[in-house]
Amino acid sequence: MAGTAPPTARWSNWAGNQRGSATAILRPGSPSDVAEAVRATAAAGGRIRVAGSGHSFTAIALADDQRMELSELDTTVSVDVERRLVTVPAGMTLRTLNGLLARHRLALPNLGDIDAQTVAGAISTGTHGTGAAYGCLSTFVEALTLVTGTGEVLHCSADEHPDVFAAARVSLGALGVLVDVTLRCVDAFVLRAHERPAALADLLGELPTLVDAHDHVEFYWFPYTTRVQVKANDRVPTNDQPLPRWRGWLDDDFLSNTVFAGACRVGRAVPALAPGISAVSARALTERRYTGRSDRVFCTPRRVRFVEMEYGLPREALPEALTALRRIVDGLPFKVLFPVEVRFTAADDIWLSHGYGRDSAYIAVHQYVGMPYEPYFRAFEKVAAELGGRPHWGKLHYRGADSLSTAYPRFTDFQALRDRLDPNRVFTNPHLTHILGA
């Protein structure tokens, strides 16, 4: 084992809403170290949870026994430019991966807007970007290596242990420890971004055409207004309109982080000002067009802390869900300070993916740290669940195994595989027991 930490080492996630202390911190240096630690833990009747960058809002990574960190895990980095395949340690961050790929003139086909997550954390929770033709990041996985709850090392792909592969690409860390991941990439590409304000009613009228016409579309609705900010990204051959550094700083650092953070603090102190703050925010971000390296367009800095719930819905349910959400926001006994984000993904075949078997629209609701949020999130969850929604595994939700089993057609298959791969429940914690069952 490469290293350990003090027995009361504390941990918290990025948002600060999940905190805990492990009895021991494991930092394996090799896959064999991982397997040895798992076997020893199983023999002692203990538990292990793997923690990544802490960008999940749920208690999914909280360890009530031992916490394993993969930052020192040394596995071979392999880049096959001709076949467009890359194999990396599961503990590598997406930011580091994006830099590695760029040096080899490769890129991931799609990304979300945050790149701080580890590869293992991102795929295990179903992290996604937006784009009608693209599934979550787990759909890019070609192979993976998993250490099971018995200490067995499995190399999985569509041809080798295909049932494990179908489940382990979105596994919630419940099947074992991912030690390396092979991802299918594409040639490096440039995106042309077009960001513009619009009226919500106008956008909803043109939305089906807009989503089909562009590679990647998302929008943000500003509560208490009828305004949205629309973002469309498309692949283009040349980086001929780079964003001036001053404009990037103004929009992405100063307005979207520094000024917005100050506005949120004011809104938290004086909630009655929230509608006015939202209206100003809706008009502060003006239209802009620019080009850039794909990952630099997809990913933006996020320094204002918040908590979040996100639901994947059948795409046709989006208008009804948004109508209900607007009523919920207007009827809350407190104010909402963050815009609502809407994105789109394609169907996939991964057992616990939110997009399993259907094209999806995602609605993400946020609240600034320190503000009340549970009544807001619960009210939205009720609407989303009734419309067939599936909660994002890394975002807050309140559903348990009984409710979730009806939302995922392969839920019982996943439970059976979990029984086989982790019969002693080495990789559990109270949160997993709640959402997957005992």
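Refer to the preceding data block for the structure.
The residue numbers shown here count from 1 along each chain, following its written sequence. The predicted nature of this model means local features are confined to residues of pLDDT at least 70 and side-chain atom pairs, given and counted, to a pLDDT of 80 or more, with totals for whole chains, interfaces and linings taken over all residues. Side-chain numbers here rest on the full set of heavy atoms in the structure, without hydrogens or water.

**Q** I would appreciate a short explanation of the overall build of the chain in the present structure.
**A** In this description a helix means any DSSP run of H or I spanning at least four residues, a strand means any run of E spanning at least two, and both kinds are numbered starting from the N terminus. In terms of helices and strands, the chain carries 13 helices and 21 strands. Seen through its principal axes, the chain has C-alpha atoms that stretch 60 × 50 × 40 Å. Looking at the 438 residues of the chain, the share that counts as buried comes to 59%. Residue contacts follow a heavy-atom distance rule, with two residues in contact if any of their heavy atoms lie within 4.5 Å. The contacts of the chain with a sequence gap of at least 6 include a subset with a gap of at least 24, amounting to 74%. Per-residue accessibility takes into account occlusion by the displayed protein chains alone, with areas from the Shrake-Rupley method and a 1.4 Å probe. With an accessible surface of roughly 17400 Å², the chain has 52% of that area assigned to carbon and sulfur atoms. In this tally, Asp and Glu contribute negative charge and Lys and Arg positive charge; neither His nor the terminal groups of the chain are included. Where a charge sits is defined by one atom per residue type, namely NZ (Lys), CZ (Arg), CG (Asp) or CD (Glu). Of the side chains in the chain, 46 bear a positive and 47 a negative charge, and the two mean positions are spaced by 6 Å. Exposed residues in this analysis have more than 50% of their type's maximum accessible area, buried residues have under 20%, and partly exposed residues fall in between, with area computed by a 1.4 Å probe over protein chains only.

**Q** Help me out: how do you make sense of the sheet that holds strand 20 (residues 360-368) in this one?
**A** Two modes of strand pairing occur in sheets, parallel and antiparallel, and in both the strands are linked by backbone hydrogen bonds. One open sheet holds the eight strands; their spatial order is 17-14-16-15-19-20-18-21, and the pairing between them is antiparallel. Two strands close off the open sheet at either side, each with one partner strand: strand 17 (288-293) and strand 21 (390-391). In this analysis, strands are considered paired if DSSP registers two or more bridges between them. Judged from the 10 bridges that link them, strand 14 (residues 190-199) and strand 16 (residues 227-236) form a sheet pairing that is antiparallel. By the bridge assignment for strand 16, R192 is matched with D234. The sheet strands contacting helix 9 (residues 318-331) are strand 15 (216-221), strand 18 (306-314), strand 19 (340-345) and strand 20, and the helix crosses strand 20 at an angle near 15°. Geometry is summarised by axes, namely lines fitted to C-alpha atoms with helices restricted to the contacting stretch, and by angles between N-to-C directions that run from 0 to 180 degrees. Its contacts with the sheet place helix 10 (residues 374-386) against strand 18, strand 19 and strand 20, and it is angled at close to 10° to strand 18.

**Q** I'm lost on the pattern of salt bridges in this one. Help?
**A** Side chains that carry opposite charge are capable of pairing whenever their charged atoms lie near each other. Between Lys or Arg on one side and Asp or Glu on the other, a salt bridge is scored when a side-chain nitrogen of the former is within 4 Å of a carboxyl oxygen of the latter. Applying the stated rule across the entire model yields 24 salt bridges. With a closest N to O distance of 2.9 Å, K395 and E310 form a salt bridge. Here K395 is found in the loop between strand 21 and helix 11 (401-405), whereas its partner E310 is found in strand 18, with 85 residues between them in sequence. Of the two residues examined, K395 and E310, each falls in the buried class. Connected through salt bridges with shared partners, the residues E308, E310, E341, R343 and K395 form a single ionic network.

**Q** So what exactly am I meant to see when it comes to the pairing of strand 19 here?
**A** When a strand is regular, its side chains alternate between the sheet's two faces. Among the six residues of strand 19, six are classified as buried, and the element is accordingly described as predominantly covered. Relative to strand 19, strand 15 runs antiparallel, the two sharing three bridges. When the bridges of strand 19 are listed, Y220 appears paired with E341.

**Q** Just to check I follow, could you spell out empty space enclosed by the protein for this structure?
**A** It is a probe the size of a water molecule, rolled over the atoms, that shows where empty space is left. Put plainly, a pocket is an open set of points on a 1 Å grid over the protein atoms alone with protein on both sides within 12 Å along at least five of seven lines, a cavity is a set where a 1.4 Å probe fits but cannot get out, and a lining residue has an atom within 4 Å of a point. Grid points are joined across faces, edges and corners, and a volume is the space filled by probe spheres set on the points. Under the counting rule described, the total for this entry stands at four cavities of 30 Å³ or more. Roughly 170 Å³ of volume is contained in the largest cavity. Around the largest cavity sit 20 residues that line it, and D113, E218, N233, V297 and F298 are the ones nearest its centre. Elements with a contribution of two residues or more to the lining of the largest cavity: strand 15, strand 16, strand 17, helix 8 (294-298) and strand 19. Here the lining of the largest cavity takes three residues from strand 15, the largest share from any one element.

**Q** Help me understand the packing of aromatic side chains in this model?
**A** The description of an aromatic ring pair uses the distance of the two centres, along with the angle that the planes make with each other. Each pair of aromatic rings taken from Phe, Tyr and Trp, with Trp reduced to its six-membered ring, is defined by centres within 6.5 Å and is described as stacked if the planes are under 30 degrees apart, edge-to-face if over 60, and tilted in the remaining cases. Applying the stated criterion across every chain yields a total of nine aromatic pairs. Arranged with centres 6.4 Å apart and planes meeting at 85°, the rings of W14 and F57 form a pair that is edge-to-face. Of this pair, W14 sits in the loop between strand 2 (10-12) and strand 3 (19-21) while F57 is found in the loop between strand 5 (48-51) and strand 6 (66-69), placing the two residues 43 residues apart along the sequence. Across the pair, exposure class does not vary: W14 and F57 are buried alike. Residues W393 and Y408 carry aromatic rings whose centres are separated by 5.2 Å and whose planes lie at 25° to one another, so their mutual orientation is stacked. On the criterion of sequence distance, the pair formed by W393 in the loop between strand 21 and helix 11 and Y408 in the loop between helix 11 and helix 12 (411-421) is long-range, its members being 15 residues apart.

**Q** How should I be thinking about the nonpolar core in this particular structure?
**A** One broad trend across soluble globular proteins is that nonpolar side chains are buried collectively. Core analysis: the largest hydrophobic core is formed by 79 residues, its most contacted members being L97, L172, L183, L352 and L436. Those residues in contact with L352, other than ones at most four positions away along the chain, are V170, L172, W393, Y408, F411, F414 and L436. Listed in part, the 54 residues of the second largest apolar core include F306, L313, I328 and F377. Nonpolar cores were defined as sets of buried Ala, Val, Leu, Ile, Met, Phe, Trp, Tyr and Cys residues, with membership established by side-chain atoms within 4.5 Å.

**Q** How do you make sense of helix 10 when you look at a structure like this?
**A** Owing to its 3.6 residues per turn, the α-helix brings residues three or four apart onto one side. A helix is expected to span 1.5 Å multiplied by its residue count minus one. Over its 13 residues, helix 10 runs 18 Å from end to end, which matches the ideal 18 Å to within 8%, given 1.5 Å per residue. All of the buried residues in helix 10 are Y376, F377, F380, E381, V383 and A384. Angularly, the buried residues of helix 10 cover 165° about the axis, an arc narrow enough to put them on a single face. When the buried face of helix 10 is taken as reference, the exposed residues oriented beyond 90 degrees from it are K382 and E386. Where helix 10 is buried, its residues meet strand 18, helix 9, strand 19 and strand 20. Trailing helix 10 by a residue or two, G388 shows a phi angle of about 85°, which is positive. Starting at the helix axis, one direction is taken to each C-beta atom, and the arc is that of these directions.

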